[in-house]
Amino acid sequence: MKRYLTGIDWIIHALDYSSRKKTGIGNTSQVVLELDGFLSEEVLNERLKIIACEFPIIFGYPSRAINLCPYWKNSHKQGELRLKLHRLSSGSDFNDLMRIFSEELNKPFSNQREHLLFNLIYQGKRSFLGMIFDHRLMEARGAEAFLGLLGGGRGLSLGGSLYEPSHLNNWLDKFRAGREVNRVFLNLTEGRPRALEPVPDGVGSEFKIINFNQERSSNITQDALSQAGYLMFMPYILSKSIMILHQIFEERKILPQDYLIPVSIDTRPNDLVRKEILFNHLSFFLFRITVQEADSFQLILSSVKEQMYNQIKVRLPQAIKEASFLMRIAPLPLINSILKIMSKGNTASFSFAFVGEGAYVSNSFMQIPVKNIFHLPRVPLPPGLGIFFNQYQGNLNAVFSYAHGLLSEDEIARVSLGINSLA
Amino acid sequence: MKLKDIEGKLGRQLSIILSIPVVDLKPEIPLHELGVDSLSFVELLVFIEKEFKIKLMESGITREDFRTLHSLARCINKITG
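Rules of the game
- Residues numbered from 1 in each chain as written.
- Chains lettered and ligands numbered in written order.
- Predicted model: local features only at pLDDT ≥ 70, side-chain atom pairs only at ≥ 80, totals over all residues.
- Heavy atoms only, no water.
- Helix = DSSP H or I, 4+ residues; strand = E, 2+ residues; numbered from the N terminus.
- Rg over C-alpha atoms; globule rule 2.2 N^0.38 Å.
- Buried < 20%, exposed > 50% of the residue type's maximum accessible area, 1.4 Å probe, protein only.
- Contact = heavy atoms within 4.5 Å.
- Areas by Shrake-Rupley, 256 points an atom, 1.4 Å probe, with all protein chains shown as cover.
- Polar contact = N/O pair within 3.5 Å; in protein donor to acceptor, adjacent residues only side chain to side chain.
- Buried area = accessible area lost by both parts, 1.4 Å probe.
- Salt bridge = Lys/Arg side-chain N within 4 Å of Asp/Glu carboxyl O.
- Nonpolar A, V, L, I, M, F, W, Y, C, P; charged D, E, K, R; others polar.
- Pairing = 2+ DSSP bridges.
- Core = buried A, V, L, I, M, F, W, Y, C linked by side-chain atoms within 4.5 Å.
- Patch = residues over 30% accessible without salt bridge, like charges linked within 9 Å, V, L, I, M, F, W, Y side chains within 5 Å.
- pLDDT = per-residue confidence, 0-100.
- Axes fitted to C-alpha atoms, helices over the stretch in contact; angles between N-to-C directions.
- Parallel < 35°, antiparallel > 145°, perpendicular 65-115°, else oblique.
- Left-handed = near helix turned anticlockwise from the far one by under 90°.
- Expected span 1.5 Å × (residues − 1).

**Considerations on the overall build of chain A**
Each helix and strand counted, chain A has 13 helices and 15 strands in total. A compact globule built from 423 residues would reach a C-alpha radius of gyration of about 22 Å, and chain A, at 21 Å, matches this within 12%. With respect to the principal axes defined by its C-alpha atoms, chain A has extents near 55 × 55 × 40 Å. The proportion of buried residues among the 423 residues of chain A is 57%. Within chain A, contacts between residues at least 6 apart in sequence are counted, and of these 78% link residues at least 24 apart. With the model as given, the accessible surface of chain A reaches about 17600 Å², and the carbon-plus-sulfur share is 53%.

**A look at the environment of A:Asp266**
Residue and element names in this part refer to chain A. As for its position among the elements, Asp266 is in the loop between strand 9 (259-265) and helix 8 (270-273). For Asp266, a relative accessible area of 17% corresponds to the buried category. Once you skip the residues sitting within four places of it in the chain, Asp266 turns out to touch Glu139, Arg141, Val273, His281 and Leu282. Here Arg141 takes part through its side chain, which lies 3.1 Å from a polar atom of the side chain of Asp266.

**Things to note about the interface of chain B and chain A**
Listed per partner, the contact involves 21 residues of chain B and 18 residues of chain A. Around 1700 Å² of area is buried between chain B and chain A when both sides are counted, 69% of it from carbon and sulfur atoms. Viewed at the interface, chain A and chain B are joined by one salt bridge. On inspection of chain B and its partner chain A, the count reaches nine residue pairs in polar contact (both at pLDDT 80 or more). Where the side of chain B that touches chain A is concerned, the elements lending two or more residues are helix 2 (38-52) and helix 3 (63-66) of chain B. Of the residues assigned to the side of chain B that touches chain A, the class counts are 11 nonpolar, three polar and seven charged.

**Remarks on the pairing of strand 3 (residues 61-64) of chain A**
Residues and elements named next belong to chain A. With four bridges joining them, strand 3 and strand 4 (residues 70-73) adopt antiparallel strand pairing. Among the inter-strand pairings, Ser63 is bridged to a residue of strand 4, identified as Tyr71. Hairpin connection, strand 3 to strand 4: the antiparallel pair is bridged by five residues, and Leu68 has positive phi, about 75°.

**Re the nonpolar core**
Ranked by internal contacts, the top residues of the largest apolar core, which has 80 residues, are A:Leu385, A:Phe400, A:Ile419, B:Leu10, B:Leu31 and B:Ile48. Looking at which element gives the most residues to this core, the answer is helix 7 (residues 233-251) of chain A, with 10 residues. If we skip the residues at most four places from it in the chain, B:Leu10 touches B:Leu44, B:Phe47, B:Ile48, B:Phe52, B:Leu69, B:Leu72, B:Ala73 and B:Ile76. A:Leu39, A:Phe55, A:Phe118 and A:Ala145 belong to the second-largest nonpolar core, a separate cluster that totals 50 residues.

**Focus on the sheet that holds strand 1 (residues 3-4) of chain A**
Pairing is antiparallel in the open sheet, where three strands are placed in the order 1-4-3 (chain A). This sheet does not close on itself; its edge strands, each paired only once, are strand 1 and strand 3 of chain A.

**A look at a nonpolar patch on the surface**
Residues and elements named next belong to chain A. A contiguous nonpolar surface patch, about 380 Å² in accessible area, is contributed by Met1, Leu162 and Tyr163. Inspection of the secondary structure puts Met1 in the segment before strand 1. Under the relative-accessibility criterion, Met1 is labelled exposed at 86%.

**Quick look at the confidence of the model for chain B**
Per-residue pLDDT for chain B averages 88, and the proportion of residues at 70 or more is 95%. Reported for the predicted complex are a pTM of 0.93 and an ipTM of 0.91.

**Looking at the side chain of A:Ser166**
In this structure, A:Ser166 sits in the loop between helix 4 (140-150) and helix 5 (171-188). Excluding its chain neighbours within four sequence positions, the residues that come into contact with A:Ser166 are A:Tyr4, A:Asn67, A:Cys69 and A:Arg328.

**Some words on the packing of helix 5 of chain A against helix 11 (residues 316-323) of chain A**
Residues and elements named next belong to chain A. For the pair helix 5 and helix 11, the least separation of the axes is 8 Å and the interaxial angle reads 125°. Between helix 5 and helix 11, the interaxial angle falls into the category oblique. In the packing of helix 5 onto helix 11, the handedness of the crossing is left-handed. Contacts between helix 5 and helix 11 involve Asp173, Lys174, Ala177, Gly178, Val181, Val184 and Phe185 on the former and, on the latter, Leu316, Ala319, Ile320, Glu322 and Ala323. Of the residues in the contact of helix 5 with helix 11, the class split is eight nonpolar, one polar and three charged.

**Some words on unusual backbone geometry**
The omega torsion of the bond from A:Leu381 to A:Pro382 falls at -25°, within 30 degrees of zero and hence cis. For A:Pro382, the location among the structural elements is in the loop between strand 13 (368-377) and strand 14 (385-392). A:Pro382 connects to A:Pro383 through a cis peptide bond whose omega is 15°. Here A:Pro383 is to be found in the loop between strand 13 and strand 14. Residues other than glycine seldom take positive phi values, yet A:Arg315 does so here, at roughly 55°. Counting through the fold element by element, A:Arg315 comes out in the loop between helix 10 (297-313) and helix 11. A positive phi angle, close to 55°, is found at B:Ser19, a residue other than glycine.

**Considering the environment of A:Phe109**
Residues and elements named next belong to chain A. As for its position among the elements, Phe109 is in the loop between helix 3 (94-105) and strand 6 (116-123). Taking C-alpha positions, Phe109 is 8.4 Å from Gly26, a pair spaced 83 residues apart along the chain. Setting aside anything within four residues of it in sequence, one finds Phe109 in contact with Thr28, Glu114, His115, Leu116, Leu117, Ile132, Phe133 and Asp134.

**Remarks on helix 10 of chain A**
Residues and elements named next belong to chain A. Taking 1.5 Å of rise per residue, 17 residues should cover 24 Å, and helix 10 covers 24 Å from first to last C-alpha, within 8% of that figure. Along helix 10, the positions that sit buried rather than exposed are Phe297, Ile300, Leu301, Ser303, Val304, Gln307, Met308, Tyr309, Gln311 and Ile312. Two residues or fewer after helix 10 comes Arg315, characterised by a positive phi angle close to 55°.

Rendered as structure tokens:
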């Protein structure tokens, strides 16, 4: 019984390869729990030892089976989940905290079997628990569910992640899906997408977190309702994000090519996420916005809504999942080259994601109240730029992620201000 | 087509989209309370276009028409009626 990698898993492995080649660090991210109390290092370490012992799959690594399919090979060596402890004085601020989380995230894992690393920061009477995770092992919602499992949450299991068939069947469906994906992609990726340059080499990611309290989050929801329509929150905040970054691109006087924005989506209900915590189950939308459209919020919004409708109509997210199985035969350097050729060197203008229904459903972690959950995703280079939103207990968080050296201090401040002005 | 039949078709499709039993989908509950988000909502609109041959996004109906399965069914019934 093997855990074969799906086509989407293999694309994530290709992004990891590309990121590793460019920066020396894989495609990683960090999810942070803000806790209203003291989380004992000893108790947490004990729990980490139990999880490490119980689930050797988290120390696995990719390999190829005799049928040439890539699969996740379980490690036979006992692994260790490392926990690093940091102390900040009560006079320290959020920037000090972010400095530690960013520094830790910008370091590579210690070996090929390490995919998770924990940072516990004490700041005054509060504790912050950050989990750095390898995207090849899990995605953002999976990471939230994994923290739920670590915290002793009920109904969570890694069982659904232990086995995946090889999917070496239904070839006609896969080729049909490939044709559909190719048709849409050729249409969307015509010409080089607009991107910030020069792209820095071999450096880390930095982050700005904008937390909206309940009242401000509710204001954004109301604005989305009145301006974009019922249940159009994601298109609304994506359109706002395009508008904010468009100002920066315009002031840099970058050639007026179209914007290309990949948006990762996970269509699974939360029940399923809690059973299939590991590996990748997401798919993508791909939005193309012209520079003329980007001058007007209404034009961006209407284009985003129309493209989303059309991509769902041709079942693009499902077709990407199906067609990507065909790519598994190719080695990672080859996939990396193909993606580069398809996008003429610039894979995208920036990345965007919105985790609407988070998979961390409890309001406590090891009996300590959770005040907030936010994500710090490193965006692969290029484009090394992204805006991400998540929600926890009715509060909205926005994370602006950028490669060090890509933006000036003034540009960073203006993007942060733009996001802040959403409410 | 009768209102009840339209409501039934919408309910069955939404249960597939959200992976929840059709009996849990009460027609009077607002869609966002059933767990519908932007993505699943557009999936439902695409189903309506294919099944009933109407584009609700372009038909000028109000926000209230989208609010529940019942109001959506009533609206489709009025347009196709």
